[in-house]
Amino acid sequence: MRIPGGAARAPRAGARAPLSVVIGAGGTGGHIYPGLALADALRRAVPGAVVSFVGTERGLETRLIPDAGYRLHTVDMIPFDPSLGARRFLLPAALVKSGAQCRAILREQGAQVAVGMGGYPSAPVIVGARMAGLPSLIHESNAVPGRANRFAARLTPNIAVAFDRSRKHLPGGEHAYTTGMPIAAPLAALDRGALRAEARREFGVPQGARLLLFNGGSLGAARLTEAAVGLAERWRHRDDVQLLIKTGPAALDETRRRLTEAGVEATARAVPYLDRMDLAYAAADLVVCRAGSATVAELAATGVPAVLVPYPHAPGDHQTHNARVLSDAGAGLLLPDGETTAARLAELVGPLLADPARLAAMSGAADPGPHARAADLLAARVIELTHLTPHLEYA
């Protein structure tokens, strides 16, 4: 069990932290970033709180969590994924083993509460809390829950959801409370108008030009990147539009090579990550993106108009359900993955970028709901659960 990260060990008996919480979050940014937002909210609410994370060796958590200054414990867990073939029969044994590892982590950290943010790395934390007799809570971020949380919901009565429509899919979901989706503080407090001039300077957007942002999620999206490159080629002679393409690290070099060969570097720029999403959203006039729950919550909270392209192979087609939260309200347009080509985007996006009134109407239709304060709401609920923690001596 490897433990990267810089945070100190939890205090032992007699020097117990005012609050100690272990959060299970890993795999993709859609689970990790909300977990980090919760961790930050816990530290704001209880200075001196000890917050650490559980994940695996395979996901983005190995970089994102230590980089954010939190301790990461890794356990041996495999995905809740039928595509594993015969390996899926190892899932019960892996869950018992990783649950026991989490029980040891909870003990070492002097944990008072365990939180699962969804995704397969979070399920062992809830199992470990059940073994240790500790209170636990799960947060479901998608409109349609994933397998891990559908399982974990059977082990705890404490369920929070980002979207009301996910309740009916969870055991005990009728008792869930809606906190919204925890998002980073800079996004929760974003004033796009106030930050816009600085943001556009940061990305080198010429005065009067429109910025079209392509965001394929934490790992990028090949379909969106391909369409973006094709669109840049079509619009090579336009000086009124700029494209910013977040490719993910794997596709960066190839995308930059193609943009150079096409001679469209003045129109389109490719980046592996966007560490300042507040600047990206403030600078953008329109976003073309996947429909992960974190992205949908960020768009709802910040009011950025969007064309949403759900990932078609998401479990339960949950990204389509996520996208409808915005499209049903008129704040976004839903474009099927199979139709996302440069030609189709030119037909759809071109008129949008030329119609400031419609973009403003889409922005105004976004309902921020509880997302901007979701991290604080969820943190308050986690802190409430500490009174259920039995008096345990952590030797």
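Residues numbered from 1 in each chain as written. Predicted model: local features only at pLDDT ≥ 70, side-chain atom pairs only at ≥ 80, totals over all residues. Heavy atoms only, no water.

(A) Region of the structure containing unusual backbone geometry. In this model, Asp-317 sits at a positive phi of 50°, which is unusual for a non-glycine residue. Relative to the helices and strands, Asp-317 resides in the loop between strand S12 (306-308) and helix H12 (318-327). Asp-317 gets classed as partly exposed once you look at its relative accessible area, which sits at 31%. (Helix = DSSP H or I, 4+ residues; strand = E, 2+ residues; numbered from the N terminus. Buried < 20%, exposed > 50% of the residue type's maximum accessible area, 1.4 Å probe, protein only.)

(B) Fine view of the sheet that holds strand S7 (residues 177-178). What the 7 strands build is an open sheet, ordered S3-S2-S1-S4-S5-S6-S7; its pairing is parallel. Strands with a single pairing partner mark the edges of an open sheet, and in this sheet they are strand S3 (71-74) and S7. With 4 bridges joining them, strand S1 (residues 20-24) and strand S4 (residues 113-116) adopt parallel strand pairing. From the neighbouring strand, Ile-23 faces S4, where its bridge partner is Val-115. Relative to S4, helix H4 (residues 123-132) is tilted by about 155°, and along the sheet it contacts S1, strand S2 (50-55), S4 and strand S5 (136-140). Sheet contacts for helix H15 (residues 374-385): S1, S4, S5, strand S6 (159-161) and S7; angle to S5, the most-contacted strand, approximately 160°. (Pairing = 2+ DSSP bridges. Contact = heavy atoms within 4.5 Å. Axes fitted to C-alpha atoms, helices over the stretch in contact; angles between N-to-C directions.)

(C) Representation of the nonpolar core in the model. Membership of the largest hydrophobic core comes to 40 residues, with the highest contact counts inside it found for Phe-203, Leu-213, Leu-274, Tyr-281, Val-287, Leu-299 and Leu-308. For Leu-274, the contacting residues outside a window of four places in its chain are Phe-203, Leu-213, Leu-244, Lys-246 and Ala-280. Within the second largest apolar cluster, 32 residues are counted, among which are Leu-224, Leu-243, Ala-346 and Leu-359. (Core = buried A, V, L, I, M, F, W, Y, C linked by side-chain atoms within 4.5 Å.)

(D) Representation of the packing of helix H11 (residues 293-302) against H12 within the structure. Where H11 meets H12, the axes come as close as 9 Å, and the angle between the chain directions of the two elements is 5°. In terms of orientation, H11 and H12 fall into the roughly parallel class. Contacts between H11 and H12 involve Ser-293, Val-296, Leu-299 and Ala-300 on the former and, on the latter, Asn-322, Ala-323, Val-325 and Leu-326. Class assignment of the residues belonging to the contact of H11 with H12 gives a composition of 6 nonpolar, 2 polar and no charged. (Parallel < 35°, antiparallel > 145°, perpendicular 65-115°, else oblique. Nonpolar A, V, L, I, M, F, W, Y, C, P; charged D, E, K, R; others polar.)

(E) Summary view of the pairing of S1. Burial analysis of S1 places 5 of its 5 residues in the buried class, the great majority of the element. Alternating residues of S1 divide into Ser-20, Val-22 and Gly-24 and Val-21 and Ile-23, and every residue in both groups is buried.

(F) Region of interest: the environment of Gly-216. Turning to its location among the elements, Gly-216 is positioned in the loop between strand S8 (210-215) and helix H8 (222-234). Judged by relative accessible area, Gly-216 falls into the buried class, the value being 10%. Those residues in contact with Gly-216, other than ones at most four positions away along the chain, are Ala-221, Leu-224, Lys-246 and Arg-290.

(G) Here's a closer look at the sheet that holds S8. Strand order in the open sheet made by the 6 strands is S10-S9-S8-S11-S12-S13, with parallel pairing throughout. Either end of the sheet is taken by a strand with one partner, and the two such strands are strand S10 (268-271) and strand S13 (332-334). The mean inter-strand angle of the sheet, taken between neighbouring strand axes irrespective of direction, is 15°. Sheet topology places S8 next to strand S9 (residues 241-246); 6 bridges connect them, and they run parallel.

(H) Expanded view of the packing of aromatic side chains. As enumerated under the stated definition, the model contains 1 aromatic pair in all. Arranged with centres 5.6 Å apart and planes meeting at 70°, the rings of Phe-53 and Tyr-70 form a pair that is edge-to-face. Note that Phe-53 is positioned in strand S2 and Tyr-70 in the loop between helix H2 (61-67) and S3, a separation of 17 residues in sequence. Per residue, the accessibility class of Phe-53 equals that of Tyr-70, and both read buried. Lying over the aromatic face of Tyr-273, Arg-63 brings its terminal NZ or CZ to 4.3 Å of the ring centre. Directly above the ring of Trp-235 sits Arg-238, whose terminal nitrogen or CZ lies 4.5 Å from the centroid. (Phe/Tyr/Trp six-rings, centres within 6.5 Å; stacked < 30°, edge-to-face > 60°. Lys NZ or Arg CZ within 6 Å of the ring centre and 35° of its normal.)

(I) Inspection of helix H13 (residues 342-353) at higher detail. Counted at 1.5 Å a residue, the expected span for H13 with its 12 residues is 16 Å, and the 15 Å between its end C-alpha atoms agrees. Of all the residues in H13, the buried ones are Ala-342, Leu-345, Ala-346, Leu-348, Val-349, Gly-350, Leu-352 and Leu-353. (Expected span 1.5 Å × (residues − 1).)

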